[in-house]
Amino acid sequence: MRQGSISQDLAGSALDGAVRTLFGLTWGQARDMVRRGKVAVNGKTVTDPLTRVRAGAEVVLDPAARRRTGTELPDKTLVHLDPHLVVVEKPAGINTVAFDPEGMGASIAKRAQPGEDAALDERVRTLIGKVEKRGGPPPTLGVVHRIDKETSGLVVFTRSWAAKKSLLQAFRFHHVHRRYLAIVHGKMDSCTIRSNFVPDRGDGLRGSVEKRHGRQKAVGSEKTQLAVTHVEVVERLPGKAAGQPCTLVACSLETGRTHQIRIHMSEAGHPVVGDRVYIRDFARAHEDKVVPAPRLMLHAAELGFVHPATEREMRWTSEPPKDMQEVLDWLRR
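Residues numbered from 1 in each chain as written. Predicted model: local features only at pLDDT ≥ 70, side-chain atom pairs only at ≥ 80, totals over all residues. Heavy atoms only, no water.

**Section: the overall build of the protein chain**
In terms of helices and strands, the protein chain carries seven helices and 15 strands. A compact globule built from 333 residues would reach a C-alpha radius of gyration of about 20 Å, and the protein chain, at 21 Å, matches this within 12%. A principal-axis box enclosing the C-alpha atoms of the protein chain has dimensions of 60 × 60 × 40 Å. Relative to all contacts within the protein chain whose residues are 6 or more apart in sequence, the contacts with residues 24 or more apart total 66%. Just so you have it, the protein chain exposes about 16100 Å², and 49% of that area is on carbon and sulfur atoms. The averaged location of the 39 negative side-chain charges in the protein chain is 3 Å from the averaged location of its 52 positive side-chain charges. (Helix = DSSP H or I, 4+ residues; strand = E, 2+ residues; numbered from the N terminus. Rg over C-alpha atoms; globule rule 2.2 N^0.38 Å. Contact = heavy atoms within 4.5 Å. Areas by Shrake-Rupley, 256 points an atom, 1.4 Å probe, with all protein chains shown as cover. Lys, Arg positive; Asp, Glu negative; His and termini not counted. Charge placed at Lys NZ, Arg CZ, Asp CG, Glu CD.)

**Quick notes on the packing of helix H1 (residues 15-23) against helix H2 (residues 27-35)**
For the pair H1 and H2, interaxial distance at closest approach is 8 Å and the crossing angle is 120 degrees. By the angle between their directions, the pair H1 and H2 is classed as oblique. Relative to H2, H1 is oriented so that their crossing is right-handed. Contact with H1, carried on its side by Leu15, Asp16, Gly17, Val19 and Arg20, involves Trp27, Ala30, Arg31 and Val34 of H2 and no other residues of that element. Counted by class, the contact of H1 with H2 contains five nonpolar, one polar and three charged residues. (Axes fitted to C-alpha atoms, helices over the stretch in contact; angles between N-to-C directions. Parallel < 35°, antiparallel > 145°, perpendicular 65-115°, else oblique. Left-handed = near helix turned anticlockwise from the far one by under 90°. Nonpolar A, V, L, I, M, F, W, Y, C, P; charged D, E, K, R; others polar.)

**Considerations on the packing of aromatic side chains**
Centre-to-centre distance and the angle between the planes together describe a pair of aromatic rings. Scanning the entire structure with this criterion turns up one aromatic pair. With centroids separated by 5.3 Å and ring planes inclined at 50 degrees, the aromatic side chains of phenylalanine 305 and tryptophan 316 adopt a geometry described as tilted. Residue phenylalanine 305 is located in strand S14 (residues 298-306), and its partner tryptophan 316 is located in strand S15 (residues 313-317); the two are separated by eleven residues in the primary sequence. In this structure, phenylalanine 305 and tryptophan 316 share a single accessibility class: buried. (Phe/Tyr/Trp six-rings, centres within 6.5 Å; stacked < 30°, edge-to-face > 60°. Buried < 20%, exposed > 50% of the residue type's maximum accessible area, 1.4 Å probe, protein only.)

**A short note on unusual backbone geometry**
Backbone geometry at histidine 174 places phi at a positive 60 degrees, although glycine is not the residue there. With respect to the helices and strands, the residue histidine 174 is situated in the loop between helix H4 (161-172) and strand S9 (177-185). Taking the relative accessible area as the measure of exposure, histidine 174 reaches 37% and is therefore partly exposed.

**Points about helix H7 (residues 322-332)**
Within H7 the residues assigned to the buried category are Asp323, Met324, Val327, Leu328 and Leu331. The buried residues of H7 occupy an angular sector of 140 degrees when projected down its axis, which confines them to one face. Along its buried surface, H7 packs onto S9, strand S12 (225-237), strand S13 (246-253) and S14. (Arc of directions from axis to C-beta.)

Here it is as structure tokens:
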């Protein structure tokens, strides 16, 4: 257990930033500690990383504190609900499905174990049961796509086998409209990025074979996956307070590969603000220009597809959440 007091310099800052400074943690570690219920302010556990702290407040970090395992989601999380599917607003910081550290590629059959935070699908099942006033066990949901743990925004789950089969096909053949908002480092221009992903681009990370050090094509039985991202500049952000200009971009996915936007932005020299994986090359070359953020500044803002039962074209939009909006406001100043 460690304890610290909020100084005048830290007064008014977000709790995750204060925890980071007080206890020498990274942004990710500080935010994770808060969300998991390991941080108390003046004797009260606080789980919102963006909670503002006052001068003189006593902050306690206790890694051994019992882990939070709540399944709560506000009713407004449900964007659309019918007998065939449910569209929800995923908060940042929770996995789409259980046992999925990066929010991608997990086994969808498992549920959270004792001591683990409930994933989005489990929380949505509980919320649907509450909204529909069901008796018995929560309803079954089908998982047809996922977004990263630190990414916020729109996710669809299915409620029938026919809907799941239809939407899996739609995602497979790229008939689903997906548009993401991202804050990226530097002055980026509108463009289309097309490359072929391999599991290891030479530095242990997934990436484009065209950007690999050494042989820039598939070797032997190595398989590649075409990845296409259309990038549109939405707003230039001066970033004077951050010491580095940034750009708000909209990324439309023609394909849907794991970490596609993060990889393409990084390889273009404009990593997503808040990324702590695909920023290595940028950080080494521009150590003083890495803009801090409480999480990955990536938001699934639009989702659309043909409804599997009614065959009507459906589309939903979502505004960036509070933490992303605060970073935008900061960079605009």
